[in-house]
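Per-entry structural report
Spelled out from the first residue to the last, the chains are:
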Amino acid sequence: MTVEAKKRLAHLFDTTKCFGCGACTVACTATNSPDLMLYEDPGWHSLATNIRRVEFNLRDRPGLLLVQCQHCESAPCVKTCPFGAMYNDAATGLVKLDERRCIGCSYCVAACPYNVRWKHPKTGLPMKCMGKGCEQLLAVGQLPACVQACPVGARAFGDLNDPGTEISRRVRNGRTVRLLEAKGTKPNYFVVV
Amino acid sequence: MMSFSDIQSQVDVARWGWDIAIFLWLVGISGMSTFAYYWVRRAPLAYAALITVLLGLAVVFSHLSRWWNLPRAVFYATLDFSFNWGSWMMLGILLLSIQAVICLVLAADHLRLGERFPALLKWPLVPTLLAWVPRLARSSALLVVFAGFGLLVTAYSGFLITQAVGVPLWNTALIPILWVVSAGTAVLALLEIFHLKGWIDERASHIVTRLAVASDGIKLAMLFTFLYVGLSASSAGARAGAATLVYGSLAPLLWIGVVLLGALVPVAVSLYSLKFGERRGLVFFAALLALGGGLLLRASVLLAGKFDPLLL
C-alpha cells in the first residue's frame, strides 16, 4: 500500500565519495544494537548492523555499495506482514516496525529484494534501518548515526518534500540512481554514481 | 565479475529451510487428502489429513522466532482490525485454521467419539457438536466444498512463497501448480500404502497406480518447465537459483532425490506392477519414495532461493 506522507524522509549514499572506512556501519551498531558490538551476524558474516556492505567488480573496477532499508513507498515487507507490524509511517514516510505485532515469521526478510534485514539473536525481531537509537536521534533533531559518522560526507538524510534540504539539493544536482526500481518498490534511497 | 556463488541465499538470512519445506509438504498432504476424501471416504485418509495439518501447524509455529508474541500480535491487530488480508501469511493462518476444523470433523465422524468415550457427552455443548459431525461430514455438497478447500490450502502453500518478491526464483505461478501436482502424487502414494494395509480395495488401487504414473509425469514436466523458466529468467537471482539446482550444489538433491528416487523409481515400480502384478515390498518402498519426493522437491526449491544481486 502506498502512503502519501507529509514528509518524505530519504537516505542518500554517494559512491564517488565513500572509501569504505566502515565508520557508518560501526556507528549504526553502536547506536542501534550496542549489546551486539561483538556479535557476527550468521547471515551476512559481518557486524550486526543495519547497513549491508556489497563489494563487486564492474569491468575490472572494484566497487562498493552500502545498502540499508530503502524506506520504499510500496514496500514488499509492508505488503506481506500478516499482522501489520511493518508499516509506512504517515508522518515521515519511513518504513517502521511495530514490535508488538511481530511474530518473527521472517516473511518480510524473504520479501525484501534489497536483502537488508537480519534477525536479532535475542529478540527474534527482523532488524533494519532505522533502529531505535537513530529514531531517538531524529526525535531530538539530529541526523542518523551513519550520516553523522561519515568522515567524507558520503551520506545525507532528510526530507525530499522540502527543496531546501541538503538531500534534496544533492538529488537534484547529482547523478543518482535508485536500486531495483523495476521491482516497483519506489525506494527512498538514492545512490550517487 | 560477480559469480553466482556470490549471490546470497535466502536461507542464510530469512532461514526458510528444511523446517518450512516440511511445513509446506505436510500442509500439501493434508490439503490433497481432503481433496481425495471426496472419492475415497476412508478413515485413514481423514486421520492423515488431520495429523498432517496439525503437525504442519506445529512445525511452522516452532519456526516463528517470536512465537510467544502471537497472542499479543492478534490482540493489537484485532483492536484496530489491521489484519493484513493481502498477505498470504495472514490468509494462510485463516485457511489452515479452517482446514484443521474440516479435518477434525472428517476424522471425528470416523472416530465416533460419542460411542467410544461416553463421558464426553456429559460435557456442555459436546453432544450438540457431535450430533452435527455426521451431518457435516456426510453431506455430499459439503464434501465438494471441503475438496475444493483442500485444493485451495495446497495452492496456498505455493502462493506463500511466490509472494516473497525478494527471492525471484519463487516469483512464478508455476509453484502453486507444481505444489498441487506433487502433493497429489504424495497422497496417491499414501493411498497405495493404505491399499497394502488393506484399507482400500483392489479396484481403487489400480486406479491409484495409473493416476500416480500420470501425476508423476505431469510433476516432472512442470518441474523441468520451472527450471527452464528459472534458467532463462531476466533476474540474476532466479538464474543463480535455478543453476544451483540444475548443476550446482543442490543438483544431487534435485536429480537423485527429487527426480530419480522421488519420481522415476516410483513410476517404474507402478508400471511394473501394472504389467506384471504387484510386489508388496516394492510397492511400499516406491510409495515411501514418492512421499519423500514431495518433501525433497519443496526443500530443493526453498534452498535454491537467492536474492538478486545489487549492482549499479
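Look up a bit, the structure's there.
Residues numbered from 1 in each chain as written. Chains lettered and ligands numbered in written order. Predicted model: local features only at pLDDT ≥ 70, side-chain atom pairs only at ≥ 80, totals over all residues. Heavy atoms only, no water.

Our next topic: unusual backbone geometry. A cis amide bond links cysteine 129 of chain A to the next residue, methionine 130 of chain A, at an omega of 0°. Mapping methionine 130 of chain A onto the fold places it in the loop between strand 9 (126-127) and helix 4 (132-139). (Helix = DSSP H or I, 4+ residues; strand = E, 2+ residues; numbered from the N terminus.)

This paragraph deals with helix 4 (residues 70-79) of chain B. All names here are of chain B. Within the sequence span of helix 4, burial applies to Ala73, Tyr76 and Ala77. Buried residues along helix 4 cover an arc of 100° about the axis, so they all sit on one side. Away from its buried face by more than 90 degrees, helix 4 exposes Pro71 and Leu79. A positive backbone phi angle near 45° is found at phenylalanine 81, which sits one or two residues after helix 4. (Buried < 20%, exposed > 50% of the residue type's maximum accessible area, 1.4 Å probe, protein only. Arc of directions from axis to C-beta.)

What links the strands of a sheet is backbone hydrogen bonding, and the strands pair in either a parallel or an antiparallel sense. Residues and elements named next belong to chain A. Read from one edge to the other, the open sheet built from four strands follows the order 10-1-12-11, with strand pairing classed as mixed. The open sheet has two free edges, formed respectively by strand 10 (155-159) and strand 11 (176-177), since each of these has just one partner strand. Judged from the two bridges that link them, strand 11 and strand 12 (residues 189-192) form a sheet pairing that is antiparallel. Paired with valine 177 across the bridge in strand 12 is valine 191. (Pairing = 2+ DSSP bridges.)

Listed per partner, the contact involves 45 residues of chain B and 47 residues of chain A. Taken over both partners, the interface formed by chain B and chain A buries close to 3700 Å², and the fraction arising from carbon and sulfur atoms is 61%. At the junction of chain B with chain A, the criterion picks out two salt bridges. Put simply, aspartate 80 of chain B and arginine 101 of chain A hold a salt bridge, and the shortest N to O gap is 2.9 Å. Put simply, chain B and chain A have 25 residue pairs in polar contact (both at pLDDT 80 or more) between them. Elements that contribute at least two residues to the side of chain B that touches chain A include exactly helix 1 (10-13), helix 4, helix 5 (88-111) and helix 8 (140-162) of chain B. In terms of residue count, the dominant contributor to the side of chain B that touches chain A is helix 4 of chain B (six residues). (Contact = heavy atoms within 4.5 Å. Buried area = accessible area lost by both parts, 1.4 Å probe. Salt bridge = Lys/Arg side-chain N within 4 Å of Asp/Glu carboxyl O. Polar contact = N/O pair within 3.5 Å; in protein donor to acceptor, adjacent residues only side chain to side chain.)

Note on aromatic pairs: each is described by the distance of the centres and the angle between the planes. Tallying each qualifying case throughout the model produces 15 aromatic pairs over all chains. Look at tryptophan 88 of chain B and tyrosine 156 of chain B: their rings are 6.3 Å apart centre to centre, the planes differ by 35°, and that puts the pair in the tilted class. Pair noted here: tryptophan 88 of chain B is in helix 5 and tyrosine 156 of chain B is in helix 8, with a separation of 68 residues, a long-range link. A ring pair is formed by phenylalanine 194 of chain B and tryptophan 199 of chain B, whose centres lie 5.5 Å apart and whose planes are at 55°; its orientation type is tilted. Look at phenylalanine 194 of chain B and you get buried, because its relative accessible area is 7%. Each member of the aromatic cluster is reached from another via a ring pair, and the members are Phe83 of chain A together with Phe81, Phe83 and Trp85 of chain B. A cation over a ring is seen here: arginine 41 of chain B above tyrosine 38 of chain B, with NZ or CZ 5.0 Å from the ring centre. (Phe/Tyr/Trp six-rings, centres within 6.5 Å; stacked < 30°, edge-to-face > 60°. Lys NZ or Arg CZ within 6 Å of the ring centre and 35° of its normal.)

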